[in-house]
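Here's the letter readout for the chains.
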Amino acid sequence: MDLENSVRRRRGRALEQAILAAGWEQLAERGYGAFTIDAVAERAGTSRSVIYRRWPDREALAEAVLGFVVQQDPVAAPDTGSLRGDMIELLRRFNAARSPLVPMMSVLIAAHFQESGRTLADIRRIVLGERHHDALAEVIERAVGRGEIDPARLTPRVRTVAVDLVRQEFLMTLKPLPEDEITAIIDEVFLPLVRP
């Protein structure tokens, strides 16, 4: 009885967090095929109508769940005092935070793509909005201020190339990058593109 009352009393953010956590558990344990509004509602101890008031369908709920999971472990911008040190540490943090999610998310996202017609870039935009490069932007702007980067060389592609390469390796190998690969991305690709 106490459990029922505590479930009923959840409102607002607490209820939304419980639904999203239940959604992730459902995805992780049963896959996208078993990811239904009914299953998530049951797991979260709430009703279908409560979920439908927040998300119009299972695709929207799945996208919210992915955003919830990614935002649980945000990647913070390091400050080592040098562009090279900051970028290597940023990729290490990105590697540690995101690589455990990649195998699961790649399977889930593939099924979601078939149903929704969205691309991985669409999902990233929906899940992260414009925030997906905040830490990278902070590292780059500090390096510009220190004179380590030529701002004229910072095209949109050059700005994100290091993180894009890590993401590509995740998708191709479904494993975290080894340390030497992280260093190679920075030393062989990123730094030669941005240095004055």
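Above this text is the structure in question.
Residues numbered from 1 in each chain as written. Predicted model: local features only at pLDDT ≥ 70, side-chain atom pairs only at ≥ 80, totals over all residues. Heavy atoms only, no water.

Chemist: Help me get a handle on the overall build of the protein, residues and values and all.
Modeler: When you go through the protein residue by residue, the secondary structure sums to eleven helices and zero strands. Secondary structure elements in the protein, listed N-terminal to C-terminal, are α-α-α-α-α-α-α-α-α-α-α. For the protein, the proportion of its 196 residues judged to be buried stands at 39%. A separation of at least 24 residues holds for 71% of the contacts in the protein among residues at least 6 apart in sequence. In the structure as shown, the protein presents an accessible area of about 10,500 Å², 53% of it carried by carbon and sulfur atoms. (Helix = DSSP H or I, 4+ residues; strand = E, 2+ residues; numbered from the N terminus. Buried < 20%, exposed > 50% of the residue type's maximum accessible area, 1.4 Å probe, protein only. Contact = heavy atoms within 4.5 Å. Areas by Shrake-Rupley, 256 points an atom, 1.4 Å probe, with all protein chains shown as cover.)

Chemist: Please set out the side chain of D86 residue by residue, giving values where relevant.
Modeler: Relative to the helices and strands, D86 resides in helix α6 (residues 83-98). Classification of D86 by relative accessible area gives buried; the value is 0%. Reaching out from D86, the side chain makes a polar contact with the side chain of R142 at a distance of 3.4 Å. Ignoring sequence-local partners within four residues, the contact set of D86 consists of P78, D79, T80, G81, V139, R142 and R146. (Polar contact = N/O pair within 3.5 Å; in protein donor to acceptor, adjacent residues only side chain to side chain.)

Chemist: I'd like to hear about the pattern of salt bridges, residue by residue, with values.
Modeler: In the structure shown here, the tally under the stated rule is 16 salt bridges. A salt bridge links R84 to D187, with the nearest nitrogen and oxygen atoms 2.7 Å apart. Taken as a pair, R84 in helix α6 and D187 in helix α11 (residues 179-194) lie far apart in primary sequence, 103 residues in all. Across the pair E141 and R159 runs a salt bridge whose closest N-O atoms are separated by 3.0 Å. Separated by 18 residues along the polypeptide, E141 in helix α9 (residues 134-145) and R159 in helix α10 (residues 156-173) bring together distant segments of the chain. The exposure class of R159 is partly exposed, given its relative accessible area of 26%. Overlapping salt bridges bring together D79, D86, E138, R142, R146 and E148 as one network. (Salt bridge = Lys/Arg side-chain N within 4 Å of Asp/Glu carboxyl O.)

Chemist: Now, about the packing of aromatic side chains: what can you tell me, with residues and values included?
Modeler: What characterises a pair of aromatic rings is the spacing of the ring centres plus the angle enclosed by the ring planes. Evaluation of the coordinates by the stated rule reveals two aromatic pairs. Ring geometry for Y32 and F35: centres 6.1 Å apart, planes at 15 degrees, overall stacked. Each of the two residues, Y32 as well as F35, counts as buried. Ring centres 5.8 Å apart and planes at 15 degrees place the aromatic pair F94 and F170 in the stacked group. With F94 in helix α6 and F170 in helix α10, this pair connects stretches of sequence that are 76 residues apart. (Phe/Tyr/Trp six-rings, centres within 6.5 Å; stacked < 30°, edge-to-face > 60°.)

Chemist: Which residues make up the environment of S82, and what are the values?
Modeler: Mapped onto the elements, S82 comes out in the loop between α5 (58-71) and α6. Assessed through its relative accessible area of 26%, S82 is described here as partly exposed. For the pair S82 and V139, spaced 57 residues apart in sequence, the C-alpha separation works out to 9.2 Å. Not counting chain neighbours up to four residues away, the residues in contact with S82 comprise R146 and E148. Reaching out from S82, the side chain makes a polar contact with the backbone nitrogen of G85 at a distance of 3.0 Å.

Chemist: Mind laying out the nonpolar core, listing which residues take part and the relevant values?
Modeler: Among the nonpolar cores identified, the biggest contains 27 residues, and L83, M87, L91, I186 and F190 are the most heavily contacted of them. Looking at this core, the elements that each hand over two or more residues are α6, α9, α10 and α11. Residues within four places of I186 in sequence aside, it is in contact with R84, M87, I88, L91, A162, L191 and P192. One finds L20, F35, L61 and A62 within the second-largest nonpolar core, a separate group that totals 22 residues. (Core = buried A, V, L, I, M, F, W, Y, C linked by side-chain atoms within 4.5 Å.)

None of this, on its own, says anything about what the molecule does.
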